[in-house]
Every structure is written in C-alpha cells, then in structure tokens.
Amino acid sequence: MSMIQGATGDWEVVIGLEVHAQVSSKAKLFSGASTEFGAEPNTQVSFIDAAMPGMLPVINGKCVEQAVRTGLGLNAKINLYSVFDRKNYFYPDLPQGYQISQYLQPVVGEGRVTVDLADGSAREVGITRLHLEQDAGKSLHDQHPSMTMVDLNRSGVALMEIVSEPDMRSSEEAGAYLAKLRSILRYLGTCDGNMQEGSMRADVNVSVRRPGEAFGTRCEIKNVNSIRFVKQAIEYEARRQVDVLEDGGTIDQETRLYDTDRGVTRAMRTKEEAHDYRYFPDPDLLPLELDPNWVEAIKQSLPELPDQKKARFEKDFGLSPYDADVLVAEKENAEFYEQVVATADPKLAANWVITELFGALNKAGRGIDDSPVSAEALAGLIVRITDNTISGRIAKEVFEIMFETGKPADAIIEEKGLKQVTDTGAIEAMVDEVIAANPDKVADVKAGKDKLIGWFVGQVMKASQGKANPQMVNDLLKAKLLG
Amino acid sequence: MAGLTDLTIAEARDKLTAGEVSARELTEAHIAAVEAARPLNAFITETPERALAQAEASDARRRSGEAGVMEGVPVGIKDLFCTKGVLTTAGSHILDGFVPPYESTVTANLWKAGAVMLGKCNMDEFAMGSSNETSYYGPVENPWRRPGDNRSIVPGGSSGGSVAAVAARIALGATGTDTGGSIRQPASFAGVVGLKPTYGRCSRFGAVAFASSLDQPGPITRTVRDAAIMLRGMAGFDPMDSTSVDTPVPDYEAALTGDISGLKVGIPKEYRMDGMPAEIEALWKQGIEWLKAAGAEIRDISLPHTKYALPTYYIVAPAEASSNLARYDGVRYGLRIPGNDLTEMYENTRAEGFGTEVQRRVMIGTYVLSAGYYDAYYLKAQKLRTLIARDFETAFEEIDVLLTPTAPSAAFGVGEKSDDPIAMYLNDVFTVPASMAGLPGISVPAGLADDGLPLGLQLIGRAFDEETVLRVAGVLEEAAVFDRRPENWWATK
C-alpha cells in the first residue's frame, strides 16, 4: 500500500473504476447495423440507431451472451432477470434523447478479479456489477467553423459497463486492475480491449483519506482512454485532493476531465453534471430473462483464463510467478509460448520469449502477431542450445540474425559455421596452445591461484571464436593445470 | 357511384369476388368522395395516384387468382403510421416534411392483404387528445351534427380523421391507434365500430410512439364484421417489435356466430359514476337487456381499482411520452428552428414544433419521472397498474366479457372543452382501464343521445380473446340496429 506524503502526514488514495468495454459483436445492441471500426461517418447507421419515428429496439442475443460470458469470467453472479432502462438526456449524438442502459437490475452482479502486482503480491478487486448499454454517436467539433457534425456509426453499439468496488489504493493497482480486466476480456473474446480505438474507456473515481478513516468525497475523472493516462490522472488527482484538504479546503463531488497534454484534471462545467436522467424501465423492451441452462452452457464453454493459465504454467513448466504472469497477460503471448514449449525446454523458452523476443519486438515496435521469428523457429533455436550444438552466447547472435532475416536457426548456424566445437581433440589442441603460450600464468595457477582458470577458459573460447563447448574447455583446463 | 361508398368491407369483398365491381372502380368512387369531403378535414394527405396504382395491382392479382383478406378495399391510414415515400406527420408541426423511407408493419400487412391507401388521416398531435382539436393540421369535423344545428361537432380523438372518414362514407375502413381510448371514444362519437386489440396483437413497429406500453393499432369500420376482417389484415407477430406476441391470428370473422347463449357478461359497478348522464345510463341498461335477450348471463361484478385508472394513466402515458418525444430535437429530421447555441435550438424547435397539449404532457411526464417525484408518481402508478390488471384477471375468472359505456357523453362542440384539459381527460374514463390492463375493447354504435348524436357501448375481453369480444359485439350490433347515418352537409358537388 503506497501512501501519499502530505505536509501534515500520510494520506491513502482510494480508487474505483467504471470501465466501458465495447462488446465484440458484429451487430449493435438493438439493431442490425455493423459495429466495424473505421468506416466512413454515418455509413453504419440503421433507422433504429438514428431514432427515426416509430423505430423500436430489438435485443441482440449475441451481446447478452457476451455480457454473461464476461460475468462468468469475472467470477460474478449472473442475474437471470434484468431490466433495460432509459437514461434521458438531450445531446445531438444521442438520437433517441435517451440511452438504453440497465439501472437498478443489471445482467451481472457481484464478482471479483485477482490483480497481480509488480512486487509479486496479489490483490482482490471486487466487481460491483456489469450492465449492458448503448454507446452514443460522436460529435465532431472540428469539421466546420460554426457547426458541429455528428457521426452515428457508434450510436447503439453495445457496451459493457463494468463497475469495480473502491478497492484500489494506488495508481499502480488501478493500472494493474485495468490491465488484468483487459486481459480477461480478450481471453474471453468479449471485447478486443483496443483502447486506442476507444473499445475500452475508464471513468476513474478517486478520493483520499487518512489511513483507517472513512472514505473521503470522490471525484470522477471521465473517459480516460489508456492505462498510462489512468495512472497519471490518479497521481495528479490524489495529490490535488491532498493539497486542497491540507490547505483547509473541502473536496466537491464533481466530474472532472484529464487533460493529457498538460497532465492535469479539470472540473467539467457544472451545467453538464446537473442532469436528472429520469431513469425508467424502457417500455419498448421486455425484461431480460435468461435460461439457467443457457448460462451453464456458456460457463462450460469458457476458455482457460489468465489466472488458470498462470497456475498451470507455474505447475507444469516450473515457471516463477513473475514469468508466468508476464507470459499469460496477453493471450497471444501465452499461445506463442505454448507453441515454443511444445518442443523446447520450458524454462529456457520462458527466458527467451520474455527477454530476447519481447525485447527485440519492443525495439522494433512490432507485436507478437507479426514477429519475424515464429514460435517454431524460436523452439528450433532453443533446441540447439539444449543439444549443445551452440552455446547460449552464440544463440543470441543467431537469434539476432533470425530476427532480421527470418531464416531458421539451423541454416544460420550452418551458414556462419557457428556450430559448437565438441571434438575433444580440437579443443585439447587449443587448450594446449594457450597453456604453452602462458607459462607464467600456469605457474601462478600451480602456486594456488585457482581463479586464473577462468582467464584460461576465456582465452580458449576466444581462440575458438566462441564455438568451443565451454564445459569441455573448463574440464580439460582443470585436468591439465590442477590434475 | 355513391352506392359503392355505402358498402361495407364484407359487401365490397363479395362484389369484388363476384366481379361486379373492380378495385379500381371502388377506389375511384372513394377518391371522389374524399375530395368532396374536404370540409371535414379528415385527411392530412390524400394519395389518389397511389390508391389507383394499388387498386390496379389488386385487380391484376385478383385476375391471377390471388386475393388477400382486404383485397381491393380502400382505407384511410391514421397519420401516425409511417408510410414509405408518403408524408407522415403524427398531426404535428415538428414532423414537417418528414417522408419515411420505411413502412410500418401494420400498413405493410394491410398492403400485403390487398388493401388500398386513400391517404393519411388527420389526428390529434402525437395521438394526444380526445377531440382531434390538437392537430397542427386543424380540427377534424364530425360528419354528425345535432339536428337543426349547424355548429361543428368534434369527432373525438385521437383517431378523429379515421372515424370521420369511415362515418362519412369516404373510406370503407381506417386504421386507428388506441393508447387510452383513441380508437373507441371517437368510434362512439362518430357512430362507427372501433376495436382496440390486445396489447401485442398488432405490431407497433413504424407507428410513431406516444406511450409505448399502451399504444395499440386497431381497425375502425362501419360494422363488427368489417372490424373482424380488417383486424385479420393488420395483426400478426412482428420480430421487429419486442412487445409483439407470437400467437396465431385466427379468422376473426368465423367467430361471429351470433350465439352468446350462456356467455357470462360482467357489469362493473364502478363504471356507474356520479353525475353520469341519464341517457348513458339508459343506453347501458338497454345493452344489458339486449345481451340478456340473446341468452347471455348478466353478472354484477366489481373492479375496485377503477377510480385510480384515469389518474394512473395520466402519469404513465405522459412519462413515456416525455421520453418518446425526446427524439424530436431538430437535429436529424422534421422542423428545426435555429438558435444561438444548441440549447436554444432545442428550445426554439420544440416550442414551435409541439402544440400546447403535447407540451403539457411532456412537462407532466418529465415531472413525474424526476428525482424526488419518481417514487410518489411513476412507481406508485406502476403498482396501481398491476392492481388494475389484477381486477380484470379476477373478474374474468367468472365472466367472459364486460359491458360498459364507451364514453361518458356524446360528442361535444368544437371549442367546448378545448380550454379545460381535465374535462377533456375525463372522456377516457371508461376506456383507460382496459388500456392499462392491455385488454381488447370494442366500441359498437348502440343508439343516439337526446341531442341526436351517436353513442357507443364498449365490450372488454380477455387478453387475446378478440373473438369473444367480436362475437358479443356482433350480437349487440344486431340488436341495436344502428342504421342512422350523418346527413351529408359537407358535399361540395
């Protein structure tokens, strides 16, 4: 638990998140229009999405299934009876004049997420609820000098609002929670988690208090669209609140925006928060009633989730909790790793994937999906280490070439003549040569400076251009100098 | 050919089937009648070209051996139904110039059944009104007038244009929609048959919404048989309306056996209201006698929560309306009155686009849903609605159908009640309870008031038991022998 040091003592920050995750579905929540990202403005709008007179919403069963799947993945209670409500307010990108949402009776109830922190500890974050709702369209204020343009492509797209308990106590925990949630959604296939495209956005509730005291007044920072910004916004906001309180002020419960350019949060205009949404059950829609057998069938079809996968990696592959955590965070990484270990040593594979491959990909700005080194190719390289064809050091050289050229390890080893020398005669000849050239050092060793053996190993490896098997060199030198 | 416009739908069907008349001839006669009846202001938009094209297509279908249940029948369409390519106004200024690129399910069903569209019928703005005086396109005049009195009479509302068209013999039938009585009350005022089906029987898709949990399309015709025929052409499950019910559409006409012996008819004592005009009371008694004479068993029953129905309705319906009408904001279609900023544009557009009654209801609805008032009004109203529905459920354990007056009075003069919203709302007192419970109800013309204007009696049935309602209505109709018709004072040629 990290504390904020104030002038008058320590403060604890309390954080809860409301995450809006776009449901992965071909069609919108209540219409058949496409949800594909990046289309020309107003090309994916049905009469329903545009709220033409007389149009009625019809629930998309796929979206309900995705919400239930997500609920199950969050270890949450599935409510077999839930209700859609209208949240009424006027805005040009809200064609109906109301958003269809779930207010008092959401489809998913309480659940929990286990969040792993960098120091190896874990924290449980409670999920309060998950409900389905429509996204609004987009107001474009920069297309015309005096007018606002409206793009309704997003209007009616299904969102899951996932509300957490105020269980987080640092920006790091909030960031880790968001990353974990994103990971779970991606494993489940219920949200692509693409924050750049707006598929996931967070409203961040922040308050501060003296340790052990009751919750302070919170501020809600709206619509933050990256994990990094969430963390920055919390850092700034918590410090701001501490400063206000220590100056004898009070915190107003308000909605704020995070200005990513200046790194500050700012209160939104009070006019916008004065909404009375006049929620009431949408009379165009019947309550959502789920068949328990249908829910059970979805439960049976859930994929292995990050926590389960992590436990399996630790148990089956003997990985450290940290390595396992890094590998399972992204589904694609975990899949890649599993392909590598199909033929390669698990621990070595973990090191290679995490350190060499991720490092190289990062540097190249590429993702695992377009890695120039395939899982099979990486496994091929690792196998050559374990069968002593090459040393770990040479392997790094080979990997670099593989990454640049996409060639398999064996071809590179062959081409460049990097194969490890394991011929005792050849190594012995090099050992003898080095011994003969350094009589004074030999004398030192014999006089008791055993550590100089290492220097001899280095010389022999140098003479072999790194290709001699280091263990054999070591053994031979010991036999000849100490034996 | 005046004779053609006097036909019932059933008679027209027989003549069309026998080849005695073509759909084109029938349609031409009605187009001429519509034109001649413009002083009634029953239509907002006339669509004669389209009617002729549909009629010709209908004749062609008939020649090739196909005929739907409404084949070749010219009808009026309440201007609440969206009709592809035809101006649809909902009687409101705010939908100026709105031509839907889609068709409502009910009208699509009618066209599939062979019906011909004469035009779009005038109505109270957004179906809010009981006199058709709230229409932006001006009031509709009831074809009926008090004998020896030239003053204009309202046709009731909100389906005022539809009942006027049917009563004036300028359409064989017309669609209406009923939220709290908007089919039944005007039917009573204009001496025609108006059927509000069970909620969920006819699709609401493409019908401009007033109060979603109450709105229900239905037929307005001159006879009970015609109502049965036309309902069959309108009804059916619609996957585009989540509140539509997937149950087969029966041949309603087959239910008109005329046999109601042993049928139990409930007379709810709570409908005998203080200050009820004697003529209404007398007509109701007469109705009881007619049904008794036909072999029905009469039972006095109680619907204890009846008195809460009207106030409850005037919470629920405006609440839903306030939200349903939020989409008319000047942004995407219809009227836009510019302003200096967004809020001003909204305010200007909605102030100019909505009439007084619509604004009143939007404000009532907004109020009852507001934080701090929701529990006291909306939530309590929903609870009462459940109790009202339970009253009917209990009653229907021992009876098959209810008989009540349709409206507390005959039609009144234009302008007589338009300044008194409460007096206007009281028009719905007998029709609203069935609406709140989602039950089918029909108004059958049963007699004339002392001032010579028509009066109707209402029958209310079990959910999805339109057949019993129609059967009893048929008996009532036969007994009442309502053969009076309005004098043609409007004819311009």
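Attention now goes to the overall build of chain A. The helix and strand tally for chain A stands at 16 helices and 16 strands. A globule of 483 residues ought to have a C-alpha radius of gyration of about 23 Å, yet chain A, at 30 Å, is considerably larger. Taking the principal axes of the C-alpha coordinates as reference, chain A spans close to 95 × 55 × 50 Å. Looking at chain A residue by residue over its 483 residues, the buried ones come to 52%. Of the contacts made within chain A by residues no fewer than 6 positions apart, 68% connect residues no fewer than 24 positions apart. Accessible area for chain A stands at about 22200 Å²; split by element, carbon and sulfur atoms hold 49% of it. Here chain A contributes 54 positive and 74 negative side-chain charges, whose respective centroids are spaced 3 Å apart.

The subject of this paragraph is the sheet that holds strand E5 (residues 98-101) of chain A. Overall, antiparallel pairing links the three strands, which are arranged E5-E4-E15 (chain A) in an open sheet. Each having just a single partner strand, E5 and strand E15 (280-281) of chain A make up the two edges of the open sheet. Packing of helix H10 (residues 306-324) of chain B onto the sheet brings it into contact with strand E4 (85-88), E5 and E15 of chain A, and relative to E4(A) it is tilted by some 60°.

Glancing now at the side chain of B:Ser203. All names here are of chain B. Here serine 203 shows up in the loop between strand E5 (193-196) and strand E6 (216-221). At 2.9 Å, the side chain of serine 203 and the backbone nitrogen of phenylalanine 205 are in polar contact. Polar side-chain contacts of serine 203 include one of 2.6 Å to the side chain of aspartate 238. For serine 203, the contacting residues outside a window of four places in its chain are Thr105, Val106, Pro217, Gly236, Asp238 and Asp241.

Inspection of the entire model under this criterion finds 30 aromatic pairs over all chains. Ring centres of A:Phe47 and B:Tyr102 lie 5.0 Å apart, and the angle between their planes is 45°; on these two criteria the pair is classed as tilted. Of this pair, A:Phe47 sits in the loop between strand E2 (9-22) and helix H1 (61-73) while B:Tyr102 sits in the loop between strand E2 (74-78) and helix H5 (105-112), placing the two residues on different chains. Given a relative accessible area of 37%, A:Phe47 falls into the partly exposed group. Look at B:Tyr102 and you get buried, because its relative accessible area is 5%.

The subject of this paragraph is the interface of chain A and chain B. Contacts between the two partners involve 31 residues from chain A and, on the opposite side, 40 residues from chain B. Carbon and sulfur atoms supply 60% of the area that chain A and chain B bury against each other, a total of about 2800 Å² over both sides. The three residues of chain A that bury the most area against chain B are A:Pro53, A:Phe90 and A:Arg278, which together make up 22% of that side's buried surface. The partner of A:Asp284 in a salt bridge is B:Arg204, and the shortest N-O contact between them spans 3.1 Å. Summed over the shared surface of chain A and chain B, the number is 16 residue pairs in polar contact (both at pLDDT 80 or more). Those elements that place two or more of their residues in the side of chain A that touches chain B are E4 and E15 of chain A.

Take the pattern of salt bridges next. Enumeration over the complete set of coordinates arrives at 63 salt bridges over all chains. Between A:Glu65 and A:Arg69 there is a salt bridge whose closest N-O contact spans 3.0 Å. Highlighted residues: A:Glu65 and A:Arg69, both in helix H1, separated by four residues, approximately one helical turn. Of the residues examined, A:Arg69 reaches a relative accessible area of 12% and is grouped as buried. The salt bridge involving A:Arg123 is made with A:Glu173; its shortest N-O contact spans 2.8 Å. A residue pair is termed long-range when its members are at least 10 positions apart, and A:Arg123 in strand E7 (residues 122-134) and A:Glu173 in helix H2 (residues 171-188) qualify at 50 residues. Its relative accessible area of 6% is what places A:Glu173 among the buried residues. One network of salt bridges, in which partners are shared, links A:Arg86, A:Asp282, A:Asp284, B:Arg204 and B:Asp241.

Before going further, it helps to examine the domain arrangement of chain B. Residues and elements named next belong to chain B. What the domain assignment lists for chain B is domain 1 (10-262) and domain 2 (307-383). Using only C-alpha atoms to locate each centre, domain 1 and domain 2 end up separated by 27 Å. Counting residues at the interface gives 20 residues for domain 1 and 20 residues for domain 2. Carbon and sulfur atoms supply 66% of the area buried between domain 1 and domain 2, which totals about 1700 Å² over both sides. Three residues stand out in domain 1 for area buried against domain 2, namely Ile94, Met128 and Phe210, and they jointly supply 38% of the buried area on that side.

All names here are of chain A. An ideal rise of 1.5 Å per residue puts 18 Å on 13 residues; H1 measures up with 18 Å between its terminal C-alpha atoms. Burial analysis of H1 places ten of its 13 residues in the buried class, the great majority of the element. Considered for burial, the residues of H1 that qualify are Cys63, Val64, Gln66, Ala67, Val68, Arg69, Thr70, Gly71, Leu72 and Gly73. Looking at the buried side of H1, the elements it contacts are E7, strand E10 (158-164), H2, strand E16 (288-289) and helix H5 (292-300). The opening residue of H1 is asparagine 60, an N-cap whose side-chain oxygen sits 3.0 Å from the backbone nitrogen of lysine 62.

This next bit is on the packing of helix H9 (residues 346-364) of chain A against helix H10 (residues 375-386) of chain A. Residue and element names in this part refer to chain A. Axis separation between H9 and H10 bottoms out at 10 Å; the angle between their running directions is 130°. By the angle class used here, H9 and H10 are oblique. The way H9 lies across H10 gives a crossing that is right-handed. Side by side, H9 and H10 meet where Leu348, Ala349, Trp352 and Val353 of the first sit next to Leu378, Leu381, Ile382, Ile385 and Thr386 of the second. Among the residues making up the contact of H9 with H10, the classes are represented as eight nonpolar, one polar and no charged.

All names here are of chain B. With mixed pairing, eleven strands are arranged side by side in an open sheet as E1-E3-E2-E4-E6-E5-E10-E11-E9-E7-E8. Among the strands making up the open sheet, the edge pair consists of strand E1 (43-46) and strand E8 (297-301). Taken over all neighbouring pairs, the strand axes of this sheet differ in orientation by 30° on average, direction set aside. Across two bridges, the pairing between strand E7 (residues 264-268) and strand E9 (residues 401-405) is parallel.

On to the nonpolar core. With 164 residues, the main nonpolar core has B:Met70, B:Phe126, B:Leu291, B:Leu403 and B:Leu459 as its most contacted residues. It is H10(B) that contributes the most residues to this core, nine residues altogether. Ignoring anything within four residues of it in the chain, the contact list for B:Met70 reads B:Ile9, B:Val75, B:Leu110, B:Ala113, B:Gly114, B:Ala115, B:Ile229, B:Met230 and B:Gly233. In this structure, A:Ala21, A:Ala202, A:Phe358 and A:Val398 belong to the second largest nonpolar core, which totals 106 residues.

Residues and elements named next belong to chain A. The domain boundaries assigned to chain A delineate domain 1 (4-298), domain 2 (304-416) and domain 3 (424-482). Placing the centre of domain 1 and that of domain 2 at their C-alpha centroids yields a distance of 36 Å. Counting residues at the interface gives ten residues for domain 1, matched by 13 residues for domain 2. Roughly 970 Å² of surface becomes buried between domain 1 and domain 2 when both sides are summed, with 48% attributable to carbon and sulfur atoms.

Turning our eyes to something else, we now look at the packing of helix H8 (residues 224-234) of chain B against helix H16 (residues 466-480) of chain B. Residue and element names in this part refer to chain B. Put simply, H8 and H16 touch, their axes get as near as 9 Å, and they point 155° apart. Taken together, the axes of H8 and H16 are roughly antiparallel relative to one another. Residues Val224, Ala227, Ala228 and Leu231 of H8 lie in contact with H16, whose contacting residues are Glu466, Leu470, Ala473, Gly474 and Glu477. Of the residues that constitute the contact of H8 with H16, the class distribution is six nonpolar, one polar and two charged.

The next point concerns the environment of B:Phe392. All names here are of chain B. As for its placement among the helices and strands, phenylalanine 392 is situated in helix H13 (residues 375-395). With relative accessibility at 2%, the residue phenylalanine 392 sits in the buried group. A C-alpha to C-alpha distance of 9.4 Å links phenylalanine 392 and leucine 402, two positions ten residues apart in sequence. If sequence neighbours within four positions are ignored, phenylalanine 392 has contacts with Tyr271, Leu303, Leu402, Pro433, Ala434, Ala437, Leu439 and Ile460.

The periodicity of an α-helix, 3.6 residues per turn, causes residues three or four positions apart to be oriented the same way. An ideal rise of 1.5 Å per residue puts 20 Å on 14 residues; helix H3 (residues 23-36) of chain B measures up with 20 Å between its terminal C-alpha atoms. Of the positions making up H3(B), those classed as buried are B:Ala23, B:Leu26, B:Thr27, B:Ala29, B:His30, B:Ile31, B:Ala33, B:Val34 and B:Ala36.

The rules behind the values
- Residues numbered from 1 in each chain as written.
- Chains lettered and ligands numbered in written order.
- Predicted model: local features only at pLDDT ≥ 70, side-chain atom pairs only at ≥ 80, totals over all residues.
- Heavy atoms only, no water.
- Helix = DSSP H or I, 4+ residues; strand = E, 2+ residues; numbered from the N terminus.
- Rg over C-alpha atoms; globule rule 2.2 N^0.38 Å.
- Buried < 20%, exposed > 50% of the residue type's maximum accessible area, 1.4 Å probe, protein only.
- Contact = heavy atoms within 4.5 Å.
- Areas by Shrake-Rupley, 256 points an atom, 1.4 Å probe, with all protein chains shown as cover.
- Lys, Arg positive; Asp, Glu negative; His and termini not counted.
- Charge placed at Lys NZ, Arg CZ, Asp CG, Glu CD.
- Pairing = 2+ DSSP bridges.
- Axes fitted to C-alpha atoms, helices over the stretch in contact; angles between N-to-C directions.
- Polar contact = N/O pair within 3.5 Å; in protein donor to acceptor, adjacent residues only side chain to side chain.
- Phe/Tyr/Trp six-rings, centres within 6.5 Å; stacked < 30°, edge-to-face > 60°.
- Buried area = accessible area lost by both parts, 1.4 Å probe.
- Salt bridge = Lys/Arg side-chain N within 4 Å of Asp/Glu carboxyl O.
- Domains from an automatic or database assignment.
- Expected span 1.5 Å × (residues − 1).
- Parallel < 35°, antiparallel > 145°, perpendicular 65-115°, else oblique.
- Left-handed = near helix turned anticlockwise from the far one by under 90°.
- Nonpolar A, V, L, I, M, F, W, Y, C, P; charged D, E, K, R; others polar.
- Core = buried A, V, L, I, M, F, W, Y, C linked by side-chain atoms within 4.5 Å.

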